[in-house]
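# Topology and contacts: notes
Letter by letter, the chains look like this.
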Amino acid sequence: MFDLVTWPRNLWSLFDELESLQADMNRIFSGRGHTRPWRGGAAYPLVNVWSSSDGIVVDAELPGVDPKDVDISVVGDELTLRGKVNAQDSQKGETYHRRERPTGEFERTFRLPFRADVNAVKASYKNGVLRLTVPRTEEDKPRRIAIEAA
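These notes cover the structure that comes with them. Each chain carries its own residue numbering, running from 1 in the written order of its sequence. Owing to the predicted nature of the model, reporting of local features is limited to residues with pLDDT of at least 70; listing and counting of side-chain atom pairs is limited to 80 or more, with chain, interface and lining totals taken over all residues. Side-chain measures were taken over the full set of non-hydrogen atoms in the model, leaving aside hydrogen atoms and water.

What follows concerns the environment of Gln 88. Secondary structure follows DSSP: runs of H or I at least 4 residues long count as helices, runs of E at least 2 residues long count as strands, and numbering of each begins at the N terminus. Mapped onto the elements of the fold, Gln 88 is located in the loop between β6 (78-85) and β7 (104-111). Only protein chains enter the calculation, and the probe is 1.4 Å; a residue is then buried if its accessible area is under 20% of its type maximum, exposed if over 50%, and partly exposed in between. Residue Gln 88 is classed as exposed on the basis of its relative accessible area of 56%. Put simply, Gln 88 and Gly 64 are 24 residues apart on the chain and 9.7 Å apart in space, counted from C-alpha to C-alpha.

Turning to the sheet that holds β7, a few remarks are in order. For two strands to be treated as a pair, DSSP must find no fewer than two bridges joining them. Read from one edge to the other, the open sheet built from three strands follows the order β5-β6-β7, with strand pairing classed as antiparallel. Pairing within the sheet leaves two strands with one partner each, and these edge strands are β5 (70-75) and β7. Adjacent strand axes in the sheet meet at a mean angle of 10 degrees when their direction is disregarded. Bridging between β5 and β6 involves six bridges; their strand directions are antiparallel. Looking at β6, one finds that Ser 73 is bridged to Thr 80. Fitting a line to C-alpha atoms yields each axis, with helices limited to the stretch in contact; the angle taken between N-to-C directions then spans 0 to 180 degrees.

Here we take up the pairing of strand β3 (residues 47-51). Note that β3 and strand β4 (residues 55-61) share five bridges and pair antiparallel. Bridge assignment links Val 47 to a residue of β4, and that residue is Ala 60. The turn linking β3 back onto β4 is made up of three residues.

One open sheet holds the four strands; their spatial order is β3-β4-β9-β8, and the pairing between them is antiparallel. The sheet terminates laterally at β3 and β8 (122-126), the two strands that pair on one side only. Ignoring strand direction, the axes of neighbouring strands in this sheet form an average angle of 15 degrees. Inspection of the sheet shows β4 paired to strand β9 (residues 129-135) by seven bridges, in the antiparallel sense. When the sheet's bridge partners are listed, Ala 60 is paired in β9 with Leu 130.

Shown next, in the form of structure tokens:
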């Protein structure tokens, strides 16, 4: 990780190292408030998001998570997923050789490109994937405007 450096040292290489350190620190602490870093800076849960004129659909990967441990909230134009991934305890006489699956609490917030119809949001869970269907309010749905010609 560190190279043995002998003097006289080039002053510019010192500045390069400081810039590299600053870039690394910025990358570590660059949470924008919409994702929570989880293991190496990756956001958790992983999601696919797509939209149509009717609303937005979010598929979140939550393998092994009990749906009762997940809280979904929509406030204005923000959708928040929060919950907990419970650790599996090893049985007596067993030893883990590798533990790569994350455990603990998570929270992820997405800014929606519209105001959501909070009363019509639907959530389903199947095969470790949470699907959220978030419809637009009627006021936010695109409308076709007819042009009157004289």
